[in-house]
Amino acid sequence: MSKWQSERSIHEMLKDTPPLRESSDSITSGTEAKFPTSRSMPFPPAYAPPDVSQNGAGSSTLLRAGSTKIESIKNWSVSTYKCTKQLLYEKLGKSSRTVDTELEAQIEMLRETQRKYAGVLRLSAALAAQLGAAAATQRALGEAFADLAQKSPELQNQFLYNADTQRSLTRNGETLLAALHFFNNSLNTLTNKTMEDTLLTIRQYEAARVEYDAYRSELEASGGNPPELLLASIERHRRHYERLRDDSAVKLQLLHENRVKVMNKQLLLFHNAVSAYFSGNNVALEAAVKHFSVPGVPQHVTHPPALAPHPPPLSSHPPALPPHSPAAATTTRTT
């Protein structure tokens, strides 16, 4: 095909093509069923806009909820700003603070007591861990002595004496560990739960105090003509502060009574159990754990049998034999 014919055919094709506006209309109308435009595209059910005409109450509820959240965020921001400013001014000495001298002294004493009790709990837990390791070693040593007693007839009695001693020490160690675990659990509950509950109320009291002082400082800065809204806020925060102050005082008093009662019992148990164990008085040790109803005590004999008498000291001379034995008679005749 020549060049002229090719150009001719192209021109004929262009003539047969409809105008641009007509072709555009035909494409839109021809593809409308398959590719709907954004105007005719229906909303999915999950994203359908609410019908304001039918759900007027629902839309108004949403608007009220949104405005309530915005108002809460606004109030929180204002209160946080005022409290931060009050704390900063107190540290710089530019603002006064409300102080209850007696209550502040009790709070400081409680925090110091909690720190010291936490130290005692840490040391007591370390003691229990070390005694537990010692008891495990004594148990293994007693088993080793008992095994050697079966394999060494010439030293059987000596090994059995030591095996019985280690077993008795193991039993007493398990009883002491039960008493120590009971002491540690009670001290942990008192320190990390009972005291912490009171300190939680105290932290709320301290936050209420800062908030009350922040509004009080704003009242002092406003001069002699404070707005009614500020006066109402100060009164509301004052009542909240006084209520938490009274709650903190009551909880401190109850905590003091509970602490004295609990520690009196636990310290007596600790003293009796430890002193009885290290003095070798297993009867007193068993009586101590029974008196205080210590849970987890090993279920062995209440009063373990007395240990075998101490073995005679080793000597170069052979031990004396009973007179009625044949060996003794032979020896007598020979002599």
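Counting restarts for each chain: residues are numbered from 1 in the order of the written sequence. Local features in this predicted model are restricted to residues whose pLDDT is 70 or higher, and side-chain atom pairs enter the listing and the counts only when it is 80 or higher, whereas totals over whole chains, interfaces and linings include all residues. The side-chain figures draw on all heavy atoms in the structure; neither hydrogens nor water molecules are used.

Regarding a nonpolar patch on the surface
Judged by side-chain polarity, Leu88, Tyr89 and Leu92 come together as a nonpolar surface patch covering roughly 280 Å² of accessible area. The way it works is that DSSP assigns letters per residue, a run of H or I at least four long becomes a helix, a run of E at least two long becomes a strand, and they are numbered from the N terminus. Note on placement: Leu92 falls in helix H3 (residues 56-92). In this scheme, patches are assembled from residues that exceed 30% relative accessible area and form no salt bridge. Like charges are connected within 9 Å, while nonpolar side chains (Val, Leu, Ile, Met, Phe, Trp, Tyr) are connected within 5 Å. Surface accessibility in these figures is a Shrake-Rupley result with a 1.4 Å probe; residues are shielded only by whichever protein chains are displayed. What counts as a salt bridge is simple: a side-chain nitrogen of Lys or Arg found within 4 Å of a carboxyl oxygen of Asp or Glu.

Description of helix H7 (residues 282-291)
Given 3.6 residues per turn, any residue in an α-helix points the same way as the ones three and four places further on. Exposed residues in this analysis have more than 50% of their type's maximum accessible area, buried residues have under 20%, and partly exposed residues fall in between, with area computed by a 1.4 Å probe over protein chains only. Turning to H7, its buried residues number three or more, namely Asn282, Leu285, Glu286, Ala288 and Val289. Buried residues of H7, viewed axially, fall in a sector of 160 degrees; they line one side. Along H7, exposed side chains directed more than 90 degrees from the buried face belong to Lys290 and His291. Two residues qualify as a contact provided that any one of their heavy atoms is within 4.5 Å of a heavy atom in the partner residue. In this structure, the buried residues of H7 make contact with helix H5 (156-221) and helix H6 (228-278). Positive backbone phi, at 50 degrees, marks Ser293, one or two positions downstream of H7. In this description, the arc belongs to the directions extending from the helix axis to the C-beta atoms.

Some words on the environment of Lys82
Tracing the chain through its elements places Lys82 in helix H3. Classification of Lys82 as buried rests on a relative accessible area of 17%. For the pair Lys82 and Asp213, spaced 131 residues apart in sequence, the C-alpha separation works out to 9.4 Å.

Section: the packing of H5 against H7
Helix axes are fitted only over the stretch in contact, all axes being lines through C-alpha atoms; the angle between N-to-C directions runs from 0 to 180 degrees. Direction vectors running N to C along H5 and H7 enclose 30 degrees, while the axes themselves pass 10 Å from each other. Taken together, the axis directions place H5 and H7 in an arrangement best described as roughly parallel. Handedness of the H5/H7 crossing: left-handed. Each of Asn172, Thr175, Leu176 and Ala179 in H5 lies in contact with H7, whose residues at this interface are Asn282, Leu285, Glu286 and Val289. Any angle that falls under 35 degrees is termed roughly parallel, while one over 145 is termed roughly antiparallel, one within 65 to 115 roughly perpendicular, and all others oblique. Left-handed is the label given to a crossing in which the near helix is rotated counterclockwise from the far helix by less than a right angle, and right-handed is the label when the rotation is clockwise.

As for the pattern of salt bridges
Under the criterion given, the structure shown has 15 salt bridges. A salt bridge links Asp213 to Arg209; the nearest nitrogen and oxygen atoms lie 2.8 Å apart. Linking Asp213 with Arg209, this pair stays in helix H5, spanning 4 residues, or about one helical turn. For Arg209, a relative accessible area of 7% gives the class buried. Salt bridges sharing partners connect three or more residues here, namely Glu235, Arg238, Arg239 and Glu242.

Considering the packing of aromatic side chains
To pair, rings of Phe, Tyr and Trp, with the six-membered ring standing in for Trp, must have centres within 6.5 Å; the planes then decide the type, stacked if under 30 degrees apart, edge-to-face if over 60, and tilted in the middle. In this structure the tally under the stated criterion is 5 aromatic pairs. Geometrically, the ring pair formed by Phe183 and Phe270 is tilted, given 4.9 Å between the ring centres and 45 degrees between the ring planes. Note that Phe183 is positioned in helix H5 and Phe270 in helix H6, a separation of 87 residues in sequence. When its relative accessible area of 3% is taken as the criterion, Phe183 is described as buried. Note on Tyr212 and Tyr241: the rings are 5.6 Å apart at their centroids and 10 degrees apart in plane angle, and the pair reads as stacked. Of this pair, Tyr212 sits in helix H5 while Tyr241 is found in helix H6, placing the two residues 29 residues apart along the sequence.

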